[in-house]
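Notes for the structure review
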Amino acid sequence: MEFSAKQIAALLEGEIVGDPDVVINNLAKIEEGSEGCISFLANMKYEPFIYSSRSSVIIVSKNFVPKQEIKSTLIVVNDPYLSFTVLLQEYQRLTALIKTGIEEPSFTGSNTTIGADVYRGAFSYVGQNCVIGSHVKIYPHVYVGDGVSIGDNTILHPGVKIYSGCKIGNFCTIAAGVVIGSDGFGFAPQPDGSYKNIPQLGIVILEDHVDIGANTTIDRATMGATIIHQGVKLDNLIQIAHNVEIGRNTVMASQSGISGSTKIGEGCIIAGQVGIVGHIKVANKTSIGAQSGISKSVDKEGTSWFGSPAIDFKDQLKSMVVYKKLPEMLKKIEEMERKLSKN
Amino acid sequence: MEFSAKQIAALLEGEIVGDPDVVINNLAKIEEGSEGCISFLANMKYEPFIYSSRSSVIIVSKNFVPKQEIKSTLIVVNDPYLSFTVLLQEYQRLTALIKTGIEEPSFTGSNTTIGADVYRGAFSYVGQNCVIGSHVKIYPHVYVGDGVSIGDNTILHPGVKIYSGCKIGNFCTIAAGVVIGSDGFGFAPQPDGSYKNIPQLGIVILEDHVDIGANTTIDRATMGATIIHQGVKLDNLIQIAHNVEIGRNTVMASQSGISGSTKIGEGCIIAGQVGIVGHIKVANKTSIGAQSGISKSVDKEGTSWFGSPAIDFKDQLKSMVVYKKLPEMLKKIEEMERKLSKN
Amino acid sequence: MEFSAKQIAALLEGEIVGDPDVVINNLAKIEEGSEGCISFLANMKYEPFIYSSRSSVIIVSKNFVPKQEIKSTLIVVNDPYLSFTVLLQEYQRLTALIKTGIEEPSFTGSNTTIGADVYRGAFSYVGQNCVIGSHVKIYPHVYVGDGVSIGDNTILHPGVKIYSGCKIGNFCTIAAGVVIGSDGFGFAPQPDGSYKNIPQLGIVILEDHVDIGANTTIDRATMGATIIHQGVKLDNLIQIAHNVEIGRNTVMASQSGISGSTKIGEGCIIAGQVGIVGHIKVANKTSIGAQSGISKSVDKEGTSWFGSPAIDFKDQLKSMVVYKKLPEMLKKIEEMERKLSKN
């Protein structure tokens, strides 16, 4: 896709300084741009690059006063960062439009209804008794089990697997390799030391605007549902166990895991490689630092936790500083003991 | 599937109080049930819900004496929890029966034999020289490499990948996205700083009744076999490196990892996000707490470990308590030093 | 495949002691070998096994002097371990040659060029505008998005997913289930507490001789590229976030993760379950112990780090030793305080 500076200035409601007919076909950082690229200057730390940038077009603030000559065409706007984001979204919207139609072979079970303008990649599988909304994109190698419902405008990237009975909302984006609805990890110990599987009959519910990262796994409930509420964003390689519930607009970074039946509140921020034990509640707006282990419920809203096991964030930082001095502290204790025994 | 209260009472050898012809078609928790659901009351903590429950049928103990009127039909049994488990298993057995037959297209290599009553999902791939047992379920997008053998009654969920030469036992359940038999991580450092791959020629052996969770990876041995013994249960996103051996009936929770050539004993319980170094042995019936790091062999049976690096479980809990007091301890030491220097 | 002792001796430039016509068809450890196997004796710890080994052929050093009768045929070489490695590589090269040709059905988009001697597994998908090199192996269920380029001699194992626009070098090996080019985890917080997706428009670049382990995920850059330089080896279940760069010949063990925009140097060794925060730089030849958390840049080359948060490796070992004594230290401090208060 190609656009002229003039077309972009119109989209961004900006003013052009330079050649309005220069053509751009790609986006780049200001320090990495080449001919045909559009870049932006928001953080003045990057100002030196604008004078040497090879990008064809650069978006700048109306407050920006150049100190040297600039070769690129400028588009002058109120907020260059915001304008660039608008541009990115427009670009993505246009590229997303490309995938449409039905590639063959694909498999659709009986009694399944599929909405308008759906993309079906080759080798994608949709079971029987499913309801697929409109404008859904089902990439190649996606598996949708029997009785699954998928809302409008949801994207299932290649190799997503959704077990039977699960419910996916509108405007969700599920990255490649994600598994939704696999059996929860439940086994009853037997007298001979072996384990008997506890049947996992529940489902997984994803509400609207949920994003799930690559190869993340979300187990179905033993009974009832594992529920991911509206606006939740999960990164890659995360584990969500059976009967977990995650509140609205909570975000979790990569490789974190939540054990069975735990309820996470709304608006929480959970960093990477965090582990949370089962059967607890974590209050709204809780922050949890990377690699932390949460071993009991967090009752008060808006608190910060860190460490394994996690304690108050600031207390943890203090203990971490002293931890490094442990060998020195031991020496001092021993010295003092010697002194005291002489007294 | 629909059943009458009468049919279910017969299965559970229970007595009906209420309408024997009421129909149920789903299972639900007592507090979440609606018309057509069957629930149970085992823990008396939940007794209040029985008086307002909208489930059509509720399984109760013969010792239960209602304090108010109950709208639902009751099935009275010796042990409601046990009866409900029986019901779950029966339900799962029936639903599992649904998937049979061959969906097309599927791919089968030459010289491969496939047993009776096998489900072959569309887009499933079975290579050449394989032996597939009876009553096996091979879901869509499963890959079975050349020379693989799969025992009777084993289930391969969507997108399971089994590399060539591996051997899978009877009654195994492999969840979606699992990779079995990928190359072990072995590289020989070269004088120029680069690494040369060490060929990985071994296989993976899963004995009978092994369950593997979604997106878990089990590498093939360099030579010989990575062996998962009978009755082992692995959760999601676990890493099992080359030449590892896991003893019978050991269970491992999500996101744990075992490094190369380590031997884990029988009946161990390993919590989530645990790491175990390579080339060690862990004795039978060892328990390991979440996020622990096991850096040396565990020789004695039946011990418990916790922390990174892991020490005795109870010692770790004691150290963890004191750890929080570190800043305070440092202050005390400094105060005492001042006092002592004045003497 | 079968070979005679004579054929193998010729390949290894070794001398035969025993029957030159004995046939081998498998490789085994000296203590596990059976008829038809070839083994080696390099570490003299294993010498006792050579006298009872049932392997048909054993590779030994020219310096080895038997103390008893040996039933196996010997191949005498300068360095038995090196010779065995050569043999392994030759074996793997031959077995790798087996997979060739096009299995059907497979899908290829328009305007895509594919080199000579490429293996296309059934149900593999290659989008439009791709360039696929020669001698590439594309196993079943592989997804290659639009506009992807793949170098010569690269192997994509079953179920690999490569999003559109990414560039893969020559002689790369990508294990089953790997996801390359998924959207980076970037969301802009909105005033109402929800998050808006930041479009991820960059790509992933893998240079030559890069190996990626099973189910590892590598996110595309927001803009520009996530870059994995030549000779990097990544284990299973690793997370590489958007805009990360990993220097030549760095190796990372399983379940480690690198957060967004971090640059890792060349020749680093990163153990398992390590977490590295975003927006930092890690110098060349840095070593990081298992389960460590790297929270700030490492500026000096060739240093070793350990712990969460990581400090100097040796300092960490010292603090870890003292950590176990914390309850005892607290007691001593309290005792001394009592003594001092009496003074």
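A quick note: this is a predicted structure, and the numbers were derived from the prediction, not measured.

1. Overview of the overall build of chain A
Assigned secondary structure in chain A consists of five helices and 39 strands. Relative to the 2.2 N^0.38 estimate, which gives 20 Å for 343 residues, the radius of gyration of chain A is 27 Å and therefore markedly larger than a compact globule would have. The dimensions of chain A, computed from C-alpha atoms along their principal axes, are 85 × 80 × 30 Å. Residue burial in chain A is summarised as follows: out of 343 residues, 55% are buried. Contacts spanning at least 24 positions in sequence make up 17% of the contacts within chain A whose residues lie at least 6 apart. When the accessible area of chain A is evaluated, it comes to approximately 14,300 Å², of which 52% is carbon and sulfur surface. Counting 31 positive and 34 negative side-chain charges, chain A places the averaged centre of each group 9 Å from the other.

2. Some thoughts on the interface of chain A and chain C
The interface of chain A with chain C comprises 57 residues on the first partner and 64 residues on the second. Across the chain A to chain C interface the summed buried area is about 4,700 Å²; carbon plus sulfur atoms make up 65%. Among the residues of chain A in contact with chain C, A:Phe123, A:Tyr323 and A:Leu340 are the three that bury the most area, contributing 12% of the side total. Put simply, A:Lys99 and C:Asp146 hold a salt bridge, and the shortest N to O gap is 3.1 Å. Among the elements that line the side of chain A that touches chain C, the one with the most residues is helix 5 (residues 326-342) of chain A, at eight residues. The class makeup of the residues in the side of chain A that touches chain C is 32 nonpolar, 14 polar and 11 charged.

3. Side note on the relation of the copies chain A and chain C
Turning chain A through 120 degrees and shifting it by 0.0 Å along the axis lays it on chain C, with an RMSD of 0.1 Å. Put plainly, the chains are arranged around a three-fold axis.

4. Quick look at the sheet that holds strand 33 (residues 269-270) of chain A
Residue and element names in this part refer to chain A. Here we have 11 strands laid out as an open sheet, ordered 10-13-16-19-24-27-30-33-36-38-39, and mixed in their pairing. Whereas interior strands pair on both sides, the edge strands pair on one side only; in this sheet they are strand 10 (119-120) and strand 39 (311-312). Relative to strand 36 (residues 287-288), strand 33 runs parallel, the two sharing two bridges. When the bridges of strand 36 are listed, isoleucine 269 appears paired with serine 287.

5. A word on a nonpolar patch on the surface
Residues and elements named next belong to chain A. A cluster of nonpolar side chains, Leu11, Leu82 and Val86, forms an exposed patch at the surface whose accessible area comes to about 250 Å². By the element assignment, valine 86 lies in helix 3 (residues 80-96). On the accessibility criterion, valine 86 (36% relative accessible area) is partly exposed.

6. Thoughts on empty space enclosed by the protein
On inspection of all chains with the given rule, the structure shows one cavity of 30 Å³ or more. Empty space within the largest cavity amounts to approximately 60 Å³. Lining of the largest cavity is provided by A:His141, A:Gly159, A:Lys161, B:His141, B:Gly159, B:Lys161, C:His141, C:Gly159 and C:Lys161. When its residues are assigned to classes, the lining of the largest cavity shows no nonpolar, six polar and three charged.

7. Here's the deal with the pairing of strand 26 (residues 225-228) of chain B
All names here are of chain B. Alternating positions in strand 26 separate cleanly, Thr226 and Ile228 being buried on one face and Ala225 and Ile227 remaining unburied on the opposite face. Two strands pair when backbone bridges link them, and strand 23 (residues 203-206) and strand 26 are joined in this way by four bridges, in the parallel orientation. The residue bridging isoleucine 203 from the neighbouring strand is alanine 225, located in strand 26. Alignment of strand 26 against strand 29 (residues 245-246), held across two bridges, turns out to be parallel. What sits directly across from isoleucine 227, in strand 29, is glutamate 245.

8. Some points on the domain arrangement of chain A
What the domain assignment reports for chain A is domain 1 (3-96) and domain 2 (101-316). For domain 1 of chain A versus domain 2 of chain A, the separation of C-alpha centres amounts to 38 Å.

9. Looking at the packing of helix 5 of chain A against helix 5 (residues 326-342) of chain C
Interhelical geometry of helix 5 of chain A versus helix 5 of chain C gives an angle of 35 degrees and a closest axis separation of 11 Å. By crossing handedness, the relation of helix 5 of chain A to helix 5 of chain C is classed as left-handed. Facing helix 5 of chain A, whose interface residues are A:Leu326, A:Met329, A:Leu330, A:Ile333, A:Met336, A:Glu337 and A:Leu340, helix 5 of chain C presents C:Leu326, C:Met329, C:Lys332, C:Ile333, C:Met336, C:Lys339 and C:Leu340. Considered class by class, the residues forming the contact of helix 5 of chain A with helix 5 of chain C number 11 nonpolar, no polar and three charged.

10. Structural notes on the side chain of C:Asp146
One can find C:Asp146 in the loop between strand 14 (143-144) and strand 15 (149-150). Taking the relative accessible area as the measure of exposure, C:Asp146 reaches 18% and is therefore buried. One polar contact links C:Asp146 to A:Lys99, side chain to side chain, over a distance of 3.1 Å. Polar contacts involving the side chain of C:Asp146 include one to the main-chain amide nitrogen of C:Gln128, which spans 3.0 Å. Those residues in contact with C:Asp146, other than ones at most four positions away along the chain, are A:Lys99, C:Gly127, C:Gln128, C:Cys130, C:Ser164 and C:Gly165.

11. Quick look at helix 4 (residues 313-323) of chain C
Among all positions in helix 4 of chain C, only C:Gln316, C:Ser319, C:Met320, C:Val322 and C:Tyr323 are buried. Along the long axis of helix 4 of chain C, the arc covered by the buried residues comes to 165 degrees, so they all point the same way. Looking at the buried side of helix 4 of chain C, the elements it contacts are helix 4 (313-323) and helix 5 of chain A, helix 4 (313-323) of chain B together with strand 38 (304-306), strand 39 (311-312) and helix 5 of chain C. Two to three positions downstream of the cap, the backbone nitrogen of C:Lys314 sits 3.1 Å from a side-chain oxygen, assigning the N-cap of helix 4 of chain C to C:Asp312.

12. Considering the environment of C:His229
Residue and element names in this part refer to chain C. Note that histidine 229 resides in the loop between strand 26 (225-228) and strand 27 (233-234). Measuring from C-alpha to C-alpha, the distance between histidine 229 and aspartate 208 comes to 7.5 Å, with 21 residues separating the pair along the chain. Residue contacts for histidine 229: discarding those within four places in its chain leaves Glu207, Val210, Glu245, Ile246, Gly247 and Arg248.

13. So, the pattern of salt bridges
Under the defined criterion, the tally for this structure stands at 21 salt bridges over all chains. The partner of A:Lys67 in a salt bridge is A:Glu47, with the nearest N and O atoms 3.3 Å apart. Here the residue A:Lys67 occupies a position in the loop between strand 6 (57-61) and strand 7 (73-77), and A:Glu47 occupies one in helix 2 (residues 47-50), the gap between them amounting to 20 residues. Here C:Glu245 and C:Lys263 are joined by a salt bridge, their closest N and O atoms 3.9 Å apart. Here C:Lys263 lies in strand 32 (residues 263-264) and C:Glu245 lies in strand 29 (residues 245-246), a separation of 18 residues in the sequence. Judged by its relative accessible area of 26%, C:Glu245 falls in the partly exposed class. The exposure class assigned to C:Lys263 is partly exposed, which follows from its relative accessible area of 31%.

What counts as what
- For every chain, the first residue of the written sequence is number 1, and numbering continues from 1 onward in sequence order.
- Here every chain gets a letter starting at A, and every ligand a number starting at 1, in the order they are written.
- Residues qualify for local features only when their pLDDT is at least 70, as the model is predicted, and side-chain atom pairs are given and counted only at 80 or more; totals for whole chains, interfaces and linings, by contrast, use all residues.
- As a rule here, side-chain values cover all heavy atoms of the structure and leave hydrogens and water aside.
- Only DSSP runs of H or I reaching four residues or more are called helices, and only runs of E reaching two or more are called strands; each is numbered from the N terminus.
- Note on method: radius of gyration uses C-alpha positions; expected globular size equals 2.2 Å times residues raised to 0.38.
- Exposure categories follow from relative accessible area, calculated using a 1.4 Å probe and restricted to protein chains: below 20% of the type maximum is buried, above 50% is exposed, and the middle band is partly exposed.
- In what follows, residue pairs with any heavy atoms lying within 4.5 Å of each other are defined as contacts.
- Surface exposure here means Shrake-Rupley accessible area, sampled with a 1.4 Å probe, where a residue is shielded only by the protein chains that are shown.
- Positive charges are assigned to Lys and Arg, negative charges to Asp and Glu, while His and the chain termini are left out of the count.
- For charged residues, the charge sits on one atom: NZ in Lys, CZ in Arg, CG in Asp, CD in Glu.
- Throughout, buried area stands for the accessible area (probe radius 1.4 Å) lost by two parts on being put together, summed over both.
- Counted as salt bridges are all cases of a side-chain nitrogen of Lys or Arg within 4 Å of a carboxyl oxygen of Asp or Glu.
- Each residue gets one of three labels, nonpolar for Ala, Val, Leu, Ile, Met, Phe, Trp, Tyr, Cys and Pro, charged for Asp, Glu, Lys and Arg, and polar for the others, Gly among them.
- We superpose the copies by least squares over the C-alpha atoms of residues that have a pLDDT of at least 70 in both of them.
- Any two strands between which DSSP finds at least two bridges are classified as paired.
- Patch definition: residues above 30% relative accessible area lacking any salt bridge, with like charges linked at up to 9 Å and the nonpolar side chains Val, Leu, Ile, Met, Phe, Trp and Tyr linked at up to 5 Å.
- We place a 1 Å grid over just the protein atoms. Points where a 1.4 Å probe fits but has no way out form a cavity, open points with protein on both sides within 12 Å along at least 5 of 7 lines form a pocket, and any residue with an atom within 4 Å of a point lines it.
- Grid points are joined across faces, edges and corners, and a volume is the space filled by probe spheres set on the points.
- Each domain's extent was defined by an automatic or database domain assignment.
- Between the N-to-C directions of two axes lies an angle of 0 to 180 degrees, each axis being a line fitted to C-alpha atoms and, for a helix, fitted only over the stretch in contact.
- For a crossing to be left-handed, the near helix must be turned anticlockwise from the far one by less than a right angle; the clockwise case is right-handed.
- Here a polar contact means two N or O atoms within 3.5 Å. Within protein one must be a hydrogen donor candidate and the other an acceptor candidate, and residues neighboring in sequence count only if both atoms are side-chain atoms.
- Directions are taken from the helix axis to each C-beta atom, and the arc is the one they span.

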